[in-house]
Amino acid sequence: MAQNDHMEKIVSLAKRRGFVYQGSEIYGGLAGTWDYGPMGIALKQNIKNLWWKTFVESRADIYGIDAAILMHRDVWVASGHVDGFNDPMVECTKCKKRFRSDFVADNVCPECGGELGPERFFNMMFRTNVGTVSDSSSVAYLRPETAGGIFTNFKNILDTFHPSLPFGIAQVGKAFRNEIAPRDFLFRAREFEQMEIEWFIKPPENDAEWQKHFEMWQKELRDWVSLIGLDTKKISKYETPHRDLAHYSKRTVDLKYEYPFGVHELYGLAYRIDHDLSSQQSHSGVDLSYFDQETKERFIPHVVEPSLGLDRTVLALLDSAYMEEEAPTADGKTEERVVLTFKPELAPVKVAVLPLMRKDGLAEKAREVFDGLKTHWQCQYDETGSIGKRYRRQDEIGTPYCVTIDYNTLEGGTITARNRDSMKQERVAVSELTNYFKEKLF
Ligand code: ATP
């Protein structure tokens, strides 16, 4: 399948089945914004929950926070974003379209072939005013990354929980960047979500000391990618060359994914020395040092930062999970089916309950089964269309199991459970269903 074709199919499925819609669509859309529908929000929520469970709830050394999106201007002065979060931009002298100059190969407009104007720099933060007076004193920014809220809460976590190094602070939430050229569906949006951790360590005495933390996080990221079921053949690692590193970063590794439009960043991992805490300390005038009880020393911790984009995760998962194959029909023929092979834990719907027909009490029985299952898992009830069509619809949203209620259910108390991947069906007693899915789903 041609790669662009593949992308089109993913975007169209995402819309058709209620994963992702264009933001403000009825007004012609707002570039760089996407709205998640019922299936999309369920998928996104499942990813976030799994991330939170893996990195916060299952560990004693990472603290979760949820900081405000609107942050004080000085946070972003300290972080360097006010002065330096600029992308190079060029404008076509003919069609007036704007591009990131590092993304265009020559001096000719990729849209109309016109000549490109001089390079200018464009700050990507969304600026607003807080309160009723709109002057320079009320300027605030929507955070361009969640990390800012982690550094500004570092002292709160120290004061409340007295953690010992190394420890982490984690946050999941929205970030905003006024990207010059939002593109490639969820890949480059102006409003998106991040899942970030700042992992604080003792200032290392030698390279081996920080490298072991860096290696640990590289492994955690690799494990995460497998845990969520991304196609690991499409994952690659990119080591940022020394000359391209920011002055405060000793090492940056990007995990890249082979999206249908090319190989690009999925996640980033950076060792940022004490840059962030030191500059927040000097701009705020608040002591952000850590006191080591054992050595009786006071210092600013260093930090290793794994930064994960949630929307890029959704896009990579849709890409990895999308499959087209031949499936048998009820009358012995075959037809093409589209199936999303999500891991059960991430699937928006775990079990679909389908009465074979609405009549003869089948729908009522199916509702009863649905009510029993939905207290345990995300379930869907569907009684419209032929059973074959309903299976196809569930395949398209990646539902691992369909439960069909037929006349045997009324007479013998059993249903058929159909597995999404093998398409095999087996009869299971209604009284055993909860145990059956407890075993099958996780
Ligand atoms: P890129 O080079 O692709 O612009 P970046 O290096 O600026 O990305 P970071 O600042 O490291 O990205 O942000 C961390 C993560 O946030 C990225 O790895 C990505 O998953 C996600 N991310 C960044 N910008 C966007 C965006 N515009 N839309 C969606 N996700 C994004």
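Note that the structure is a prediction, hence the values are computed from the model and not measured.

Q: I would appreciate a short explanation of the overall build of the protein chain in the present structure.
A: Along the backbone of the protein chain there are 13 helices and 24 strands. On the principal axes, the C-alpha backbone points of the protein chain span a range of 75 × 65 × 50 Å. Burial status across the protein chain gives 33% buried among its 442 residues. In the protein chain, of all internal contacts separated by at least 6 residues, the share reaching a separation of at least 24 is 62%.

Q: Even after reading the chapter, I still don't get helix α11 (residues 387-397), so can you show me in this structure?
A: Because an α-helix completes one turn every 3.6 residues, residues spaced three or four positions apart along the sequence face the same direction. Within the span of α11, buried status applies to R390, Y391, Q394, D395 and I397. The elements touched by buried residues of α11 are α2 (38-57), β19 (334-340), β20 (351-355), β22 (401-405) and β23 (414-419). After α11 finishes, the residue G398 shows a positive phi value of roughly 80°.

Q: I keep staring at the site of the ligand and nothing clicks. Help me out?
A: Inspection of the region around the ligand gives 15 residues, with F192, G268, S307, G309 and R312 positioned closest. Only β11 (191-201), β14 (262-271), β17 (302-309) and α9 (310-321) provide two or more residues apiece to the shell around the ligand. For the shell around the ligand, the element with the most residues is β14, which contributes 4 residues. Split by residue class, the shell around the ligand holds 4 nonpolar, 4 polar and 7 charged.

Q: Please clarify how the sheet that holds strand β8 (residues 127-129) should be interpreted in this entry.
A: Hydrogen bonds along the backbone pair up the strands of a sheet, which may run parallel or antiparallel. Read across the open sheet, the 3 strands follow the order β4-β9-β8; overall the sheet is antiparallel. The open sheet has two free edges, formed respectively by β4 (70-72) and β8, since each of these has just one partner strand. Across the sheet, the axes of successive neighbouring strands diverge by a mean angle of 45°, strand direction being ignored. In this sheet, strand β9 (residues 139-142) lies alongside β4 in antiparallel orientation, the contact comprising 3 bridges. Its bridge partner being in β9, M71 is matched across the sheet by Y141.

Q: Just to check I follow, could you spell out helix α7 (residues 207-227) for this structure?
A: Here α7 contains 21 residues, and its C-alpha end-to-end distance of 30 Å stays within 8% of the 30 Å for a straight helix at 1.5 Å per residue. Of all the residues in α7, the buried ones are W210, F214, W224 and V225. Each buried residue of α7 sits inside an arc of 100° when the element is viewed along its axis, so together they form one side. Facing away from the buried surface of α7 by more than 90 degrees, the exposed residues are A208, K212, E215, K219, D223 and S226. For α7, the secondary structure elements touched by its buried residues are α2, β11, β12 (235-239), β13 (251-259), β14 and β17. Where α7 ends, the next residue or the one after it, G229, has phi of about 85°, a positive value.

Q: Mind showing me how you'd approach the domain arrangement of the protein chain here?
A: Note on interface size: it is often stated as the accessible area lost on association of the parts. As assigned here, the protein chain comprises domain 1 (3-73 + 165-318) and domain 2 (349-441). The centre of domain 1, based on its C-alpha atoms, is set 37 Å off from the matching centre of domain 2.

Q: Which parts of the structure should I look at to understand the nonpolar core?
A: One broad rule of soluble globular proteins: the nonpolar side chains tend to lie buried together. Counting 88 residues, the largest nonpolar core has L186, L315, L317, V351, V353, V369 and V403 as the members making the most contacts within it. For this core, the element with the highest residue contribution is α9, accounting for 7 residues. Contacts of V351, omitting those with residues within four sequence positions, involve L373, W377, C379, Y401, V403 and F437. Counting 5 residues, the second largest nonpolar core, distinct from the first, contains V75, W76, A78 and A140.

Q: What is the right way to look at the sheet that holds strand β5 (residues 86-91) in this model?
A: The strand order β6-β5-β7 describes an open sheet built from 3 strands, whose pairing is antiparallel. In this open sheet, the two strands that pair with only one neighbour each are β6 (98-100) and β7 (120-123). Strand-to-strand twist across the sheet, computed as the mean angle between neighbouring axes with direction ignored, equals 45°. Two strands pair when backbone bridges link them, and β5 and β7 are joined in this way by 4 bridges, in the antiparallel orientation. Paired with N86 across the bridge in β7 is N123.

Q: In this structure, what is going on with the environment of L266? I would like to understand it.
A: In this fold, L266 is placed in strand β14. Put simply, L266 and S307 are 41 residues apart on the chain and 9.2 Å apart in space, counted from C-alpha to C-alpha.

Q: Would you explain the packing of α2 against α9 in this entry?
A: Running from N to C, α2 and α9 point in directions that differ by 115°, and their axes come no closer than 10 Å. Judged by the inter-axis angle, α2 sits roughly perpendicular to α9. Relative to α9, α2 is oriented so that their crossing is right-handed. Contact with α2, carried on its side by L43, K44, I47 and K48, involves L310, T313 and V314 of α9 and no other residues of that element. When its residues are assigned to classes, the contact of α2 with α9 shows 4 nonpolar, 1 polar and 2 charged.

Q: Got a minute to help me understand the environment of T146 in this structure?
A: Summarising the element assignment, T146 is placed in the loop between β9 and α5 (147-152). With 24 C-beta atoms counted inside 10 Å, the residue T146 sits in the buried group. As a C-alpha pair, T146 and A67 span 79 residues in sequence and 8.1 Å in three-dimensional space. Setting aside chain neighbours within four positions, we find T146 in contact with Q171, G173, A175, Q194 and E196.

Q: What's the story with the pairing of β11 in this structure? I'm lost.
A: In terms of burial, β11 is a largely internal element, 10 of the 11 residues being buried. Bridging between strand β10 (residues 167-176) and β11 involves 10 bridges; their strand directions are antiparallel. Bridging from a neighbouring strand, A170 pairs with I197 of β11. Pairing geometry for β11 and β17, over 6 bridges, is antiparallel.

Q: Looking at this model, I keep getting lost on the environment of E345. Mind explaining?
A: Tracing the chain through its elements places E345 in the loop between β19 and β20. Between the alpha carbons of E345 and I41 there is a distance of 14 Å; along the sequence they are 304 residues apart. Leaving out residues up to four positions away in the same chain, E345 has contacts with N46, L50 and F442.

About the criteria used
- Residues numbered from 1 in each chain as written.
- Predicted model: local features only at pLDDT ≥ 70, side-chain atom pairs only at ≥ 80, totals over all residues.
- Helix = DSSP H or I, 4+ residues; strand = E, 2+ residues; numbered from the N terminus.
- Buried ≥ 20, exposed ≤ 12 C-beta atoms within 10 Å, placed from the backbone.
- Contact = placed C-beta atoms within 7 Å.
- Near = placed C-beta within 6 Å.
- Nonpolar A, V, L, I, M, F, W, Y, C, P; charged D, E, K, R; others polar.
- Pairing = 2+ DSSP bridges.
- Axes fitted to C-alpha atoms, helices over the stretch in contact; angles between N-to-C directions.
- Expected span 1.5 Å × (residues − 1).
- Arc of directions from axis to C-beta.
- Domains from an automatic or database assignment.
- Core = buried A, V, L, I, M, F, W, Y, C linked by C-beta atoms within 7 Å.
- Parallel < 35°, antiparallel > 145°, perpendicular 65-115°, else oblique.
- Left-handed = near helix turned anticlockwise from the far one by under 90°.

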